[in-house]
Amino acid sequence: MTARVVKDAIAGWRSGTRRSQQLVLAILVLAVLVSMAVSLASYDLFPLAGFFVWLLLGLLLLRFRELVALAVVITVAGAVARLDHGDAAGGRIAGVVLLVLAAVLVLYASGRQRSGLPGPLSAALLSDLRDRLNAQGRVPELPGPWTCETAMIAAHGVGYAGDFMVADLDHEAQRLDLVLVDVVGKGVKAAPSALLLAGALGGMVGALRGPALFEAANAFLLRQDERYTEETFATAVHVSIDLADGSYTILSAGHPPALRWEPAEGAWVVDGARGTALGVLPHADLEASTGVLGPGQALMFYTDGVVESRDTDIDDGIRWLQQTAAAAMVHGSTGVARRVVRQVAAGDDDRAVLVLTRSA
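The structure presented is a predicted model; accordingly, all values stated were derived computationally and were not measured.

Taking 1.5 Å per residue as the helical rise, helix H2 (residues 18-41) with its 24 residues ought to reach 34 Å, and the 35 Å between its terminal C-alpha atoms agrees with that figure. Residues of H2 that are buried include every one of Ser 20, Gln 21, Val 24, Leu 25, Leu 28, Val 32, Ser 35, Met 36 and Ser 39, and no others.

Every regular strand shows the same layout, with side chains that alternate between the two sheet faces. Of the two faces of strand E6 (residues 259-262), both are covered, the one formed by Leu 259 and Trp 261 as well as the one formed by Arg 260 and Glu 262. Here E6 folds back onto strand E7 (residues 267-270), and the loop between the two strands holds four residues, one of which, Gly 266, carries a positive phi near 65°. Here E6 runs beside strand E11 (residues 298-302); their pairing, made up of three bridges, is antiparallel. Directly across from Arg 260, in E11, lies its bridge partner Leu 299.

Taken as a whole and judged by the stated rule, the model has two aromatic pairs. Look at Phe 46 and Phe 51: their rings are 5.2 Å apart centre to centre, the planes differ by 85°, and that puts the pair in the edge-to-face class. Comparing Phe 46 with Phe 51 shows no difference in burial state: the two are buried. Residues Trp 261 and Trp 268 carry aromatic rings whose centres are separated by 5.4 Å and whose planes lie at 50° to one another, so their mutual orientation is tilted. With respect to class, Trp 261 is no different from Trp 268; both count as buried.

Reading guide: rules and limits
Residues numbered from 1 in each chain as written. Predicted model: local features only at pLDDT ≥ 70, side-chain atom pairs only at ≥ 80, totals over all residues. Heavy atoms only, no water. Helix = DSSP H or I, 4+ residues; strand = E, 2+ residues; numbered from the N terminus. Expected span 1.5 Å × (residues − 1). Buried < 20%, exposed > 50% of the residue type's maximum accessible area, 1.4 Å probe, protein only. Pairing = 2+ DSSP bridges. Phe/Tyr/Trp six-rings, centres within 6.5 Å; stacked < 30°, edge-to-face > 60°.

Following this line, the structure appears as structure tokens:
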């Protein structure tokens with residue numbers, strides 16, 4: 001029974017409801033008052049420093065409105081306990097001033113939480129949203145000889161990036177749709193726009209293909225409010241492939257050209273799909289490419305962070321990628337995406353590689 005009550009209380013706090021916040025506030029206020037009583041009885045058992053801990057705990061657990069009430073109680077309780085202690089008056093006053101200053105800083109930090117939730121809840125909400133959208137990019141288990149591998153590294157090693165993928169597999173029609181997107185910006189700066197676009201594309205891919213998909217994504221980006229998103233445009237590449245016979249169509253919107261593995265030549269060949277980026281013009285100019293992926297062949301898609309840097313021209317970067325990926329294929333197609341990404345020089349841009357292979 002007790003375990004269930006505790007579990008329900010934690011679930012209520014995670015929901016951020018007003019009732020759960022008031023319950024947490026009541027518990028913390030009671031703890032502060034008990035601490036004050038202990039401090040008045042014996043200051044050495046609970047000195048002023050202990051009240052700073054209650055402030056930090058309140059910052060982690062409470063929304064701004066409840067935190068204000070707790071900060072007032074802590075400040076008053078701490079001041080009463082400290083001023084009652086019989087050492088030099090200057091030391092007592094300095095301690096109270098520091099407590100007041102800490103309360104102000106904690107309230108300022110809480111007020112900056114634009115979600116209106118405590119810090120841990122706000123971070124958990126964003127992480128959950130990111131994980132749900134990333135799940136859309138996981139390629140379902142493919143039939144027979146088909147495999148798909150991805151490898152991504154965010155700029156500066158953060159957990160949020162402007163590169164993402166969405167995937168859809170129509171089991172009945174044996175058709176796979178993959179979209180690799182690079183939203184303008186790097187790392188955390190590009191994350192909000194990437195999350196928005198990932199959600200939109202996740203709902204459209206499969207239902208829309210080819211030009212229709214990119215036209216819808218283009219219109220979505222153009223509708224974004226400039227007050228909340230700066231320079232919202234993206235490059236993207238979309239491949240729709242029939243897993244029964246290997247026939248495919250590639251559509252590129254300002255994205256670096258796809259590469260096709262030709263085992264007879266032992267080389268990656270540049271694909272011809274071209275187009276303008278999404279979110280720039282009312283109607284994106286797109287030129288598709290088609291082909292058939294035979295046994296032993298593969299398609300590689302990647303973002304510009306793999307082939308372009310301040311010191312490297314994109315054409316030179318593509319040639320480097322062709323050579324590096326060809327060398328990686330010597331060890332087999334399994335793990336090619338990871339092996340390629342690991343050899344990209346560390347930079348300040350997100351990096352993503354996707355490899356779709358039809359085994360021999």
